[in-house]
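Results of the structural survey
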Amino acid sequence: MGLGAYVAVSGALFALGLIAILVRRNVIYILMGIEMILNAANINFVAFNRFGSMKLDGQMFAIFTIILAAAEAAVALAIVLNVFYLFDSIKPSEADLLRE
Amino acid sequence: MKEPALQRIFYGALALLGLCALGVGLAKAGWSGVAFALFAFMTLGGAVMCIWERSVVRSAFALMATFTGVAGLFVLLEADFLAMAQILIYVGGILALLLFAVMLTPPDLNERKLSRLAAGALFVGAGALYLGLKITDTAHWFVRGAPLDGNVAASGSAERIGVGFLAAGPYQTSAGTELGYVVAFELAAIVLTVALVAAVYIARRKPSDLQPEEKAG
């Protein structure tokens, strides 16, 4: 399989993540869509690393994406819990105040 | 249409699509094509299921297929360390965090609207198709070496990544010059520490939010 096949899979995963963010009215789905988009970027990094002449740069970038995704998931969980305490709902359209 | 009938049609179409993908893979590139098609189908099928399912818990478990499929693609791309990290961090960590978020918040089974789903899929799908065709028309990437033949390199990348993370500058190996990534490594450690401390601080319930009986106890 060549580079094109991996880029195609990555593009499709990105589009699906975008759909998840756009069509579902629930904060959790937005988080899931973001994870899909980050994974799509990771596939691209590793595929271009394998088929390009870069040494390890692509894989290092992918590792940092994974680390940042883990940090993002932890902070996002905390924010979702706080939004739920404040608004009694996790619909993004209802969380429209910055104060209690 | 009734929900069970819709469900049957959706999963029937998904299974059919998977079989088609495996067949195309076998016809195009033999068994390595089948491996690629399997992991690609796991990745994309899991994502489609995640968007489709009404229940958030089922969506979260569908996402497990996506993450595992991406790990398989990493193996095919000779990135064995990343494949392990993907399974450990995504399937073991981020998915567990997502499930915590799911179970600490109320379910809303009537939130999925098929009309919005169709509109979003049409809109994003058309855009992705247009961009994809545009890119295949115009891009000419420089590609090194032969396409993958399914034989993953025996050496792997875990050792190179480990040494690279601890090297401050470029260094020589038998394979050539490698770059050092120690600054980036330390930076990632600081980012993780700050983010996790911040997450604990934000998630903590303030004493004024607690119910009177909780305060007494």
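It should be emphasised that the depicted structure is a prediction, and the values quoted were computed from it without experimental measurement.

1. A short note on the overall build of chain A
The secondary structure content of chain A amounts to 3 helices and 0 strands. Helices and strands appear in chain A in the N-to-C order α-α-α. Against the 2.2 N^0.38 benchmark of 13 Å for 100 residues, chain A shows a C-alpha radius of gyration of 17 Å, more extended than a compact globule. In terms of its C-alpha atoms, chain A occupies a principal-axis envelope of roughly 55 × 25 × 15 Å. Among the 100 residues that make up chain A, the fraction classed as buried is 54%. Taking the intrachain contacts of chain A between residues at least 6 apart in sequence as the baseline, contacts between residues at least 24 apart amount to 48%.

2. Considerations on the overall build of chain B
A count of helical and extended segments in chain B gives 7 helices and 2 strands. Secondary structure elements of chain B, listed N to C terminal, follow the sequence α-α-α-α-α-β-β-α-α. A buried classification covers 22% of the 217 residues belonging to chain B.

3. Topic: the interface of chain B and chain A
Across the boundary between the two partners, chain B contributes 70 residues, which contact 58 residues of chain A. Of all the elements in the fold, those that place two or more residues in the side of chain B that touches chain A are helix H1 (3–52), helix H2 (56–76), helix H3 (80–103), helix H4 (114–138), helix H5 (158–166) and helix H6 (182–203) of chain B. Residues of the side of chain B that touches chain A, tallied by class, amount to 48 nonpolar, 13 polar and 9 charged.

4. A short note on the packing of helix H3 (residues 57–87) of chain A against H3(B)
Between H3(A) and H3(B), the shortest axis-to-axis distance is 10 Å and the interhelical angle comes to 10°. On the basis of their axis angle, the class for H3(A) and H3(B) is roughly parallel. Counting all contacts with H3(A), which are made through Gln59(A), Ala62(A), Ile63(A), Ile66(A), Ala69(A), Ala70(A), Ala73(A), Ala74(A), Leu77(A) and Val80(A), the residues of H3(B) involved are Leu82(B), Ala85(B), Gln86(B), Ile89(B), Gly93(B), Ile94(B), Leu97(B), Leu98(B), Phe100(B) and Ala101(B). Residue composition of the contact of H3(A) with H3(B), grouped by class: 17 nonpolar, 3 polar and no charged.

5. Focus on the confidence of the model for chain B
For chain B, the mean per-residue pLDDT works out to 84, and 87% of the residues sit at or above 70. In the model output, the complex is listed with pTM 0.89 alongside ipTM 0.91.

6. Some remarks on H1(B)
In this model H1(B) runs just 12 Å from its N-terminal to its C-terminal C-alpha over 50 residues, more than 12% under the 74 Å that 1.5 Å per residue would give. Helix geometry: H1(B) is bent most strongly at Ala29(B), by close to 145°.

7. A word on H3(B)
Residues and elements named next belong to chain B. Over its 24 residues, H3 runs 33 Å from end to end, which matches the ideal 34 Å to within 8%, given 1.5 Å per residue. Of all bends in H3, the biggest is about 30°, found at Tyr-90. Among the residues of H3, those classed as buried are Leu-82, Ala-83, Ala-85, Gln-86, Tyr-90, Ile-94, Leu-95, Leu-98, Ala-101 and Val-102.

8. Here's the deal with the nonpolar core
Counting 77 residues, the largest nonpolar core has Leu16(A), Ile28(A), Leu73(B) and Leu98(B) as the members making the most contacts within it. Those elements that provide at least two residues to this core are helix H1 (3–23), helix H2 (27–51) and H3 of chain A together with H1, H2 and H3 of chain B. Examining the composition of this core, we find that 14 residues originate from one element, H2(A), more than from any other. Residues in contact with Ile28(A), not counting those within four places in the same chain, are Ile90(A), Val56(B), Leu98(B), Ala101(B) and Val102(B).

9. A closer look at the domain arrangement of chain B
Here the domain parsing of chain B yields domain 1 (1–106) and domain 2 (157–207 + 213–217). Of note, the centres of domain 1 of chain B and domain 2 of chain B, computed from C-alpha atoms alone, are 28 Å apart.

10. Side note on unusual backbone geometry
With a phi angle near 55°, Asp88(A) is a residue other than glycine that sits in the positive phi range. For Asp88(A), the position within the fold is in the segment after H3. Even without a glycine there, the phi angle at Glu78(B) is positive, about 65°. Within the secondary structure, Glu78(B) sits in the loop between H2 and H3. The class for Glu78(B) is partly exposed, based on 19 C-beta atoms found within 10 Å.

11. Focus: the environment of Gly18(B)
Residue position: Gly18(B) is located in helix H1. Residues within four places of Gly18(B) in sequence aside, it is in contact with Phe41(B) and Gly45(B).

12. Looking at the packing of H2(B) against H3(B)
All names here are of chain B. Orientation of H2 relative to H3, taken along the N-to-C sense of each, is 170°, at an axis distance of 8 Å. Considering the angle they form, H2 stands roughly antiparallel to H3. Across from Val-56, Val-57, Ala-60, Leu-63, Met-64, Phe-67, Thr-68, Val-70, Ala-71, Phe-74 and Val-75 in H2, the residues of H3 making contact are Asp-80, Leu-82, Ala-83, Gln-86, Ile-87, Tyr-90, Val-91, Leu-95, Leu-98, Leu-99 and Val-102. Classifying every residue of the contact of H2 with H3 by side-chain character gives 19 nonpolar, 2 polar and 1 charged.

13. Section: the environment of Tyr171(B)
Residues and elements named next belong to chain B. Secondary-structure assignment places Tyr-171 in strand E1 (residues 171–173). Along the chain, Tyr-171 and Phe-81 lie 90 residues apart, while their C-alpha atoms are 21 Å from each other. If we skip the residues at most four places from it in the chain, Tyr-171 touches Glu-178 and Gly-180.

Cut-offs used in this document
Residues numbered from 1 in each chain as written. Chains lettered and ligands numbered in written order. Predicted model: local features only at pLDDT ≥ 70, side-chain atom pairs only at ≥ 80, totals over all residues. Helix = DSSP H or I, 4+ residues; strand = E, 2+ residues; numbered from the N terminus. Rg over C-alpha atoms; globule rule 2.2 N^0.38 Å. Buried ≥ 20, exposed ≤ 12 C-beta atoms within 10 Å, placed from the backbone. Contact = placed C-beta atoms within 7 Å. Nonpolar A, V, L, I, M, F, W, Y, C, P; charged D, E, K, R; others polar. Axes fitted to C-alpha atoms, helices over the stretch in contact; angles between N-to-C directions. Parallel < 35°, antiparallel > 145°, perpendicular 65-115°, else oblique. pLDDT = per-residue confidence, 0-100. Expected span 1.5 Å × (residues − 1). Bend = angle between axes of the 7 residues up to and from the residue. Core = buried A, V, L, I, M, F, W, Y, C linked by C-beta atoms within 7 Å. Domains from an automatic or database assignment.

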